[in-house]
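One-letter residues, chain by chain:
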Amino acid sequence: MNTNVGSQPPCSGLRWRSVRIDGRIARYGVGGFGQRVLFLHGWGLSGAAYTRPLEQLIGMGMRVYVPALPGVGGTARLPEAQRTLPGYAHWGGSSPTPLACPGP
């Protein structure tokens, strides 16, 4: 994901939405139709690095959910005390249904 606030990766097959998680804005992209896939990005790369795999998944008939993790792509940062592995896990587990990618 791009680290510029409010920007999204250039994957043309995604539509970007905003939700609130623990009272803070979270952005996520969703695209495609079919079996659901949760795509978690890493750190240190721009959103362009993920364009090809996202488009390939969508092209394979998957419905792809791409949350912009806290502090990236327009999603609010976690408070400093929560910037831990358990803090990020809590954030991910607190996601509303569309972002949580409910079971098949």
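So, about the overall build of the chain. Check the secondary structure of the chain and you find three helices and four strands. Relative to its 104 residues, the chain shows a buried fraction of 38%. Nonlocal contacts in the chain, meaning residues at least 24 apart in sequence, comprise 69% of its contacts between residues at least 6 apart. Element-wise, carbon and sulfur atoms account for 56% of the exposed surface of the chain, whose accessible area totals about 5,800 Å².

Before going further, it helps to examine the pairing of strand β1 (residues 15–21). Two elements, β1 and strand β2 (residues 24–31), share seven bridges in a ladder whose sense is antiparallel. In the sheet register, arginine 17 faces β2, and the bridge partner there is tyrosine 28. What sits between the antiparallel neighbours β1 and β2 is a turn of two residues, in which aspartate 22 has the positive phi angle 50 degrees.

Turning our eyes to something else, we now look at the confidence of the model for the chain. Overall, the predicted model of the chain reaches an average pLDDT of 79, with 80% of residues at or above 70. The lowest-confidence element of the chain is helix α3 (residues 97–100), averaging 51 in pLDDT; the highest-confidence one is strand β4 (residues 62–67), averaging 91. For the stretch residues 1–9, pLDDT sits under 50, and the model shows 28 contacts to residues farther than four places along the chain or on other chains.

It is worth spelling out the packing of aromatic side chains at this point. Considering all chains together, one arrives at one aromatic pair under this definition. Ring centres of phenylalanine 39 and tyrosine 50 lie 5.8 Å apart, and the angle between their planes is 80 degrees; this geometry places the pair in the edge-to-face category. Taken as a pair, phenylalanine 39 in the loop between β3 (35–38) and α1 (48–59) and tyrosine 50 in helix α1 lie far apart in primary sequence, eleven residues in all. For the pair phenylalanine 39 and tyrosine 50, a shared accessibility class is recorded, and that class is buried.

Looking at the secondary structure, you find arginine 27 in strand β2. Summary of buried charges: arginine 27 has no salt-bridge partner, and the nearest side chain of opposite charge, glutamate 55, is 16 Å away.

Here we take up the sheet that holds β2. Strand order in the open sheet made by the four strands is β1-β2-β4-β3, with mixed pairing throughout. At either end of the open sheet lies a strand with only one pairing partner, and these are β1 and β3. The sheet shows a mean angle of 25 degrees between the axes of neighbouring strands, direction not considered. In the packing of α1 onto the sheet, the strands contacted are β2, β3 and β4, and the crossing angle to β4 comes to about 150 degrees.

A few words now on α1. Its twelve residues give α1 an end-to-end C-alpha distance of 17 Å, which sits within 8% of 16 Å, the value for a rise of 1.5 Å per residue. Every buried residue of α1 is listed here: Tyr50, Thr51, Leu54 and Leu57. Buried residues of α1, seen end-on, are gathered within an arc of 145 degrees and therefore sit on one face of the element. The exposed residues of α1 that point more than 90 degrees off its buried face are Arg52 and Gly59. Just past α1, the residue glycine 61 takes up positive phi, approximately 90 degrees.

Reading guide: rules and limits
Residues numbered from 1 in each chain as written. Predicted model: local features only at pLDDT ≥ 70, side-chain atom pairs only at ≥ 80, totals over all residues. Heavy atoms only, no water. Helix = DSSP H or I, 4+ residues; strand = E, 2+ residues; numbered from the N terminus. Buried < 20%, exposed > 50% of the residue type's maximum accessible area, 1.4 Å probe, protein only. Contact = heavy atoms within 4.5 Å. Areas by Shrake-Rupley, 256 points an atom, 1.4 Å probe, with all protein chains shown as cover. Pairing = 2+ DSSP bridges. pLDDT = per-residue confidence, 0-100. Phe/Tyr/Trp six-rings, centres within 6.5 Å; stacked < 30°, edge-to-face > 60°. Lys, Arg positive; Asp, Glu negative; His and termini not counted. Salt bridge = Lys/Arg side-chain N within 4 Å of Asp/Glu carboxyl O. Axes fitted to C-alpha atoms, helices over the stretch in contact; angles between N-to-C directions. Expected span 1.5 Å × (residues − 1). Arc of directions from axis to C-beta.

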